[in-house]
Amino acid sequence: MLAILSNGEAVSPVHAHAARYASRPDLAYVPIHDAPTAHWALIWRTAAEFDLILDFSRIVREMGPLAR
């Protein structure tokens, strides 16, 4: 996706942290101040579910609002 964006072939909304973690001189991050608040969620394929994933999910749930 970054290659398509840097070629000017597309635009894409991203979360604010993208500018920090995917900083590139050929991309410009322009804030969208009136965009709705985005929410994050853990997802996984249940066919690949195993104890480590379930433990991680439980820890995140226990953190509650602190995880935001």
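One can find the structure itself at the top, above this paragraph.
Residues numbered from 1 in each chain as written. Predicted model: local features only at pLDDT ≥ 70, side-chain atom pairs only at ≥ 80, totals over all residues. Heavy atoms only, no water.

Trainee: Which parts of the structure should I look at to understand the overall build of the chain?
Mentor: For the chain, the count of helices and strands is three helices and zero strands. Secondary structure elements of the chain occur, N-terminal to C-terminal, as α-α-α. Over its C-alpha atoms the chain spans a radius of gyration of 17 Å, topping by over 25% the 11 Å that the globule rule assigns to 68 residues. Expressed along its principal axes, the backbone C-alpha trace of the chain runs to roughly 45 × 30 × 20 Å. Accessible surface, the chain: about 6,400 Å² in total, of which carbon and sulfur atoms supply 60%. (Helix = DSSP H or I, 4+ residues; strand = E, 2+ residues; numbered from the N terminus. Rg over C-alpha atoms; globule rule 2.2 N^0.38 Å. Areas by Shrake-Rupley, 256 points an atom, 1.4 Å probe, with all protein chains shown as cover.)

Trainee: Quick question: what am I supposed to make of the environment of Pro25 here?
Mentor: Assignment of secondary structure puts Pro25 in the loop between helix H2 (18–21) and helix H3 (51–63). Each C-alpha atom of the pair Pro25 and Glu9 lies 16 Å from the other, and the pair is 16 residues apart in sequence.

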